[in-house]
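Summary of the model geometry
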Amino acid sequence: EPEVTQTPSHQVTQMGQEVILRCVPISNHLYFYWYRQILGQKVEFLVSFYNNEISEKSEIFDDQFSVERPDGSNFTLKIRSTKLEDSAMYFCATGTREQYFGPGTRLTVT
Amino acid sequence: GIQVEQSPPDLILQEGANSTLRCNFSDSVNNLQWFHQNPWGQLINLFYIPSGTKQNGRLSATTVATERYSLLYISSSQTTDSGVYFCAVEGDAGGTSYGKLTFGQGTILTVHP
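Cut-offs used in this document
- Residues numbered from 1 in each chain as written.
- Chains lettered and ligands numbered in written order.
- Predicted model: local features only at pLDDT ≥ 70, side-chain atom pairs only at ≥ 80, totals over all residues.
- Heavy atoms only, no water.
- Helix = DSSP H or I, 4+ residues; strand = E, 2+ residues; numbered from the N terminus.
- Rg over C-alpha atoms; globule rule 2.2 N^0.38 Å.
- Buried < 20%, exposed > 50% of the residue type's maximum accessible area, 1.4 Å probe, protein only.
- Areas by Shrake-Rupley, 256 points an atom, 1.4 Å probe, with all protein chains shown as cover.
- Lys, Arg positive; Asp, Glu negative; His and termini not counted.
- Charge placed at Lys NZ, Arg CZ, Asp CG, Glu CD.
- Contact = heavy atoms within 4.5 Å.
- Buried area = accessible area lost by both parts, 1.4 Å probe.
- Salt bridge = Lys/Arg side-chain N within 4 Å of Asp/Glu carboxyl O.
- Polar contact = N/O pair within 3.5 Å; in protein donor to acceptor, adjacent residues only side chain to side chain.
- Pairing = 2+ DSSP bridges.
- Axes fitted to C-alpha atoms, helices over the stretch in contact; angles between N-to-C directions.
- Disulfide = S-S within 2.5 Å.
- Phe/Tyr/Trp six-rings, centres within 6.5 Å; stacked < 30°, edge-to-face > 60°.

Along the backbone of chain B there are zero helices and 11 strands. When the elements of chain B are put in sequence order from the N terminus, they spell out β-β-β-β-β-β-β-β-β-β-β. For 113 residues, the compact-globule estimate of 2.2 N^0.38 gives 13 Å, and the C-alpha radius of gyration of chain B, at 14 Å, lies within 12% of that figure. Buried positions account for 49% of the 113 residues belonging to chain B. Split by element, the accessible area of chain B, about 5,400 Å² in all, is 48% carbon and sulfur. In chain B, the 5 positive side-chain charges and the 8 negative ones have mean positions that sit 4 Å from each other.

Below, the discussion takes up the interface of chain B and chain A. Opposite the 22 residues of chain B that make contact, chain A presents 19 residues. Roughly 1,800 Å² is buried in total at the junction of chain B and chain A, and carbon and sulfur atoms are behind 54% of that figure. For the pair chain B and chain A, the interface holds two salt bridges. Salt-bridge contacts for Glu90 of chain B lead to Arg97 of chain A; the nearest nitrogen and oxygen are separated by 2.9 Å. In this structure, the connection of chain B to chain A is made through eight residue pairs in polar contact (both at pLDDT 80 or more). Elements with a minimum of two residues in the side of chain B that touches chain A: β4 (29–37), β5 (43–48) and β9 (83–91) of chain B. With five residues, the single largest contributor to the side of chain B that touches chain A is β4 of chain B.

This brings us to the side chain of Ser58 of chain A. All names here are of chain A. Residue position: Ser58 is located in the loop between β6 (53–57) and β7 (65–68). There is a polar contact of 3.0 Å between the side chain of Ser58 and the backbone oxygen of Phe45. In this structure Ser58 touches Phe45 and Leu46, once residues within four positions along its chain are discounted.

Moving on to the sheet that holds strand β8 (residues 75–79) of chain A. Pairing between the strands of a sheet is mediated by backbone hydrogen bonds and can be parallel or antiparallel. Residue and element names in this part refer to chain A. Strands sit in the order β1-β3-β8-β7 across an open sheet of four strands; the sheet is antiparallel. Every interior strand has two partners, whereas the edge strands, β1 (5–7) and β7, have only one. Sheet twist, expressed as the average angle between the axes of neighbouring strands with direction ignored, equals 20°. By the bridge criterion, three bridges tie β1 to strand β3 (residues 19–24) in an arrangement that is antiparallel. Residue pairing for β3: Gln6 is matched across the bridge by Cys23.

Bringing the state of the cysteines into the picture now. All names here are of chain A. For the structure on display, the rule yields two disulfides over all chains. Each sulfur of the disulfide joining Cys23 and Cys92 lies 1.9 Å from the other. Between Cys23 and Cys92 the disulfide shows an S-S torsion of about -55°. By sign, it is left-handed. With Cys23 in strand β3 and Cys92 in strand β9 (residues 88–95), this pair connects stretches of sequence that are 69 residues apart. The pair Cys23 / Cys92 is uniform in exposure class, with both members buried.

Right, let's get into the packing of aromatic side chains. Residue and element names in this part refer to chain A. Under the criterion given, the structure shown has 14 aromatic pairs over all chains. On the basis of an interplanar angle of 70° and a centroid distance of 5.7 Å, the ring pair of Tyr35 and Phe45 is categorised as edge-to-face. In this pair, Tyr35 is assigned in strand β4 (residues 31–37) and Phe45 in strand β5 (residues 44–50), connecting sequence segments 10 residues apart. Note on Tyr35 and Phe101: the rings are 5.1 Å apart at their centroids and 40° apart in plane angle, and the pair reads as tilted. A residue pair is termed long-range when its members are at least 10 positions apart, and Tyr35 in strand β4 and Phe101 in strand β10 (residues 99–101) qualify at 66 residues. Comparing Tyr35 with Phe101, the two get one shared label, buried.

All names here are of chain B. You can see Leu13 is positioned in strand β2 (residues 10–14). Looking at Leu13, the relative accessible area reads 10%, which means it is buried. Sequence-wise, Leu13 and Leu109 are 96 residues apart; in three dimensions their C-alpha atoms are separated by 7.7 Å. Each residue touching Leu13, except ones within four places of it in the same chain, is listed here: Asn18, Ser19, Ser77, Leu109, Thr110, Val111 and His112.

Listed below in structure tokens is the structure:
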């Protein structure tokens, strides 16, 4: 069964550093999403992406965040200058009506 | 935006017991999904159920869209059922685009042997 994959599974970075989280969507899916979950809290929507552009973003998704599909297969989330409060699990999801989630990347900012 | 409320927030069961988890939402939805978050943090798809009833083994779900709620039933619970159960909905904003999921706060289920 096809699945969404994410790398790395865990990333530790220092405050102020840039990080790139990667996702490989299920092939033939056209809609891509990033969500995050701060430890102990609910999952929150960050951004959706369709046809090579952002279709919707939340207020969390400020200028420090960006997404792109650099090579037609990977889907990436970049955080330009990480803050302590960016520490969270980041999930990539793909699909159309039903969304399929990847296993997540746990980002720890120290 | 759409509001999602789950109940109960915590549930403790003995192995073999049955349980019902509830998800209320504040507006019409295009999509409703139930997830199980395992101890490793992964979100496992349980059901895609914007309306109607589905069953998968010991789990079943029912969504009554007109009354804006969904129920997840777990029968003969096992210790491996422990974890957090999330309901997530996509509000019906019209059009044909596929939008964000809004998650509830989750139900923390603990099943004791």
